[in-house]
Amino acid sequence: MLTRGSSRWKYEIIRTKTNLQNIRSISLPAQGHVKADECPNDAWDTAKPYSSIPGPSKLELIKLFAPGGQFHKANFLEVNKAVYKKYGPIVKFDGLFGNHDNVFIFDPKDIETVFRNEGPWPFRKGLATTLHYRKTLRSDIFQNSIGLVNDQGETWFKLRTAVNPIMMKPKVVNAYIPEFDTVAKEFVNKIKTLKDDKDEMPDDFQNDLFRWALESISLIALEQRLGLLSNDGDQENQKIINAVKSNLSLSYQLDVEPSLWKYLKTPKYRELMNSLETMTNVSKVQIDKAIERLAKETKREGNREESVLEKILQINENYAMVMSLDMLSAGIHSTVAATAGLLYNLAKNQRAQDKFREEALRILPTPETELTSESFNSLPYMRASLKESMRITPVFSGNFRGAGRNIVIQGYQIPVETHLILGAGTIVNHSDFVERPDEFIPERFLKEVQPGCPNSKDIHPFLLLPFGFGPRHCVGKRFAELEIEILMMRFLTKYKVEWNYGPLEFARQLVILPSTKLKYKVTEL
């Protein structure tokens, strides 16, 4: 058992820090937060009180989200941008209908302050609806853990410590390159069957991207293929995709917008619970099969690296179930959003697309060339393009955190455990923080300064954090990046992509997915 002060506890702290980015830890009591009277910040006593942070009143907030209000049917990024424009770098939304206050922060220096003071057991605000479903309605599955997003304190720490060496070890991640590549090649070959007589993708191409993403993540979560690229009639697996889409939209409406679901079981509440139940039940069938199949296997072929699922099963079967469920649900929407954005940005910027393709062709000179871990050693422009795409079309509005201790932000007192929304999605493409913010310039993220291009050294290091930072940064980051990179390399060495429509519009949900039909024009090279 992990007890504070034990040698085992100290070892786990060191191991976690080794696997994460440079974390500046602070001493924490057992529940994972600093006591309010332990804040060493001399500025606290002279700072303005928390209650004076600017923002709309409760009544104004209700009106803003009500029909006819400015935020009615607005997506979360639009809400963030509006409050930043009106109130400045710090804004407070008072809690409504049993929810906590939320404080928005729109300055990378302040975002760094939050991350630097979160400690090794950071509090990250989860989704109250998902927490309710997993703890109250499905405690049979989530009895030991409710997942990395919603778990807190020692429970989160134990799960994170168990999966870090598995999910973040390059050798484990790279073992999936051949299988990810097989899925990518199948998807790219399928493109020619999807095109219309104008060489454009169908109206529901986003769903095809979801099928590719789910097919890829199933290799990790289930150690098997689902047949989504060859079997369009597979309704059971499509149910997972439909439920994920519904969950993204309804979670925003119930967890972000004012809602009475905690007091009245509204139709949207019931619909969301049904979508979570579908995701859980359909996924559990596949996970149970995978666990049963692996239990019967006695020997791996050759010297192949054990799979993620095998490794987690050896630690804890319940952890394996929870992680697989999270990967199948949370592991597809952000990947689809990032891929759709990158295709869009490269389609609009042919110069960048040509440079991306030129680099990829050095690795994949023919369609038959196989990808290996060495293939990814020198792809600076591809990685710069992905980073620039997630800057100009962010996948998330920002990161959620709880203040790890009493801190002062913009001259205001922020008490320990205050719920914070770090609005990076608003400021990553704002002229206050980025040179030529509306231009897609991957060169800004290359190590060598490019003549006539902005320099990444001028960008604050805590401005662009699409996968978060610190102990709670995205545990699936390496896998997500690998999936996207492999698909884009295969896609752009076979096709030219163009965009002949207006700017993308985005859906009203937590992940910034396009609501625009993804009618890319795709022509074979």
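Let me sum up the structure you'll find in this document. (Residues numbered from 1 in each chain as written. Predicted model: local features only at pLDDT ≥ 70, side-chain atom pairs only at ≥ 80, totals over all residues. Heavy atoms only, no water.)

1. Here we look at the overall build of the protein chain
Summing up its helical and strand segments, the protein chain has 17 helices and eight strands in all. Principal axes of the C-alpha set define a box for the protein chain whose edges measure 65 × 55 × 50 Å. Evaluated residue by residue, the protein chain yields a buried proportion of 58% over its 525 residues. Accessible area for the protein chain stands at about 22700 Å²; split by element, carbon and sulfur atoms hold 50% of it. (Helix = DSSP H or I, 4+ residues; strand = E, 2+ residues; numbered from the N terminus. Buried < 20%, exposed > 50% of the residue type's maximum accessible area, 1.4 Å probe, protein only. Areas by Shrake-Rupley, 256 points an atom, 1.4 Å probe, with all protein chains shown as cover.)

2. Brief notes about the nonpolar core
Note that soluble globular proteins tend to have their nonpolar side chains buried in a common cluster. In this structure, Val308, Phe491 and Tyr520 are the most contacted members of the largest nonpolar core, which totals 162 residues. Residues contacting Tyr520, with those up to four places away along its chain left out, are Asp199, Glu200, Met201, Phe205, Ala340, Leu343, Tyr344, Val497, Glu498 and Trp499. (Core = buried A, V, L, I, M, F, W, Y, C linked by side-chain atoms within 4.5 Å. Contact = heavy atoms within 4.5 Å.)

3. Section: the sheet that holds strand β1 (residues 90–93)
Strands sit in the order β1-β2-β6-β3 across an open sheet of four strands; the sheet is mixed. Each edge of the open sheet carries a strand with a single partner, namely β1 and β3 (399–402). On average, adjacent strands in this sheet sit at an angle of 25° to one another, irrespective of strand direction. Where strand β2 (residues 102–105) and strand β6 (residues 419–422) come together, three bridges link them in parallel fashion. Along β6, the bridge assignment pairs Phe104 with Ile421. The sheet contacts of helix α4 (residues 108–116) involve β2, β3 and β6, and relative to β6 the element is tilted by about 135°. (Pairing = 2+ DSSP bridges. Axes fitted to C-alpha atoms, helices over the stretch in contact; angles between N-to-C directions.)

4. Some details on helix α8 (residues 177–194)
One turn of an α-helix holds 3.6 residues; hence residues three or four places apart share an orientation. Between its first and last C-alpha atoms α8 spans 25 Å; for 18 residues at 1.5 Å apiece the expected length is 26 Å, and the two agree. Taken together, the buried positions of α8 are Ile177, Phe180, Asp181, Val183, Ala184, Phe187, Val188, Lys190, Ile191 and Leu194. Against the buried residues of α8 lie α7 (170–174), α9 (205–221), α17 (477–492), β7 (495–498) and β8 (521–524). (Expected span 1.5 Å × (residues − 1).)

5. A closer look at the packing of α8 against α9
For any two helices packed against each other, the geometry comes down to the angle between their axes and how far apart the axes lie. Two numbers describe how α8 lies on α9: the axes approach to 10 Å, and their chain directions differ by 160°. The angle between α8 and α9 places the two elements in the roughly antiparallel class. When the axes of α8 and α9 are compared, the crossing they make is right-handed. Residue-level contacts link Glu179, Phe180, Val183, Phe187, Lys190, Ile191 and Leu194 of α8 to Phe205, Asp208, Leu209, Trp212, Glu215, Ser216, Leu219 and Ile220 of α9. Across the contact of α8 with α9, the residue classes tally to ten nonpolar, one polar and four charged. (Parallel < 35°, antiparallel > 145°, perpendicular 65-115°, else oblique. Left-handed = near helix turned anticlockwise from the far one by under 90°. Nonpolar A, V, L, I, M, F, W, Y, C, P; charged D, E, K, R; others polar.)

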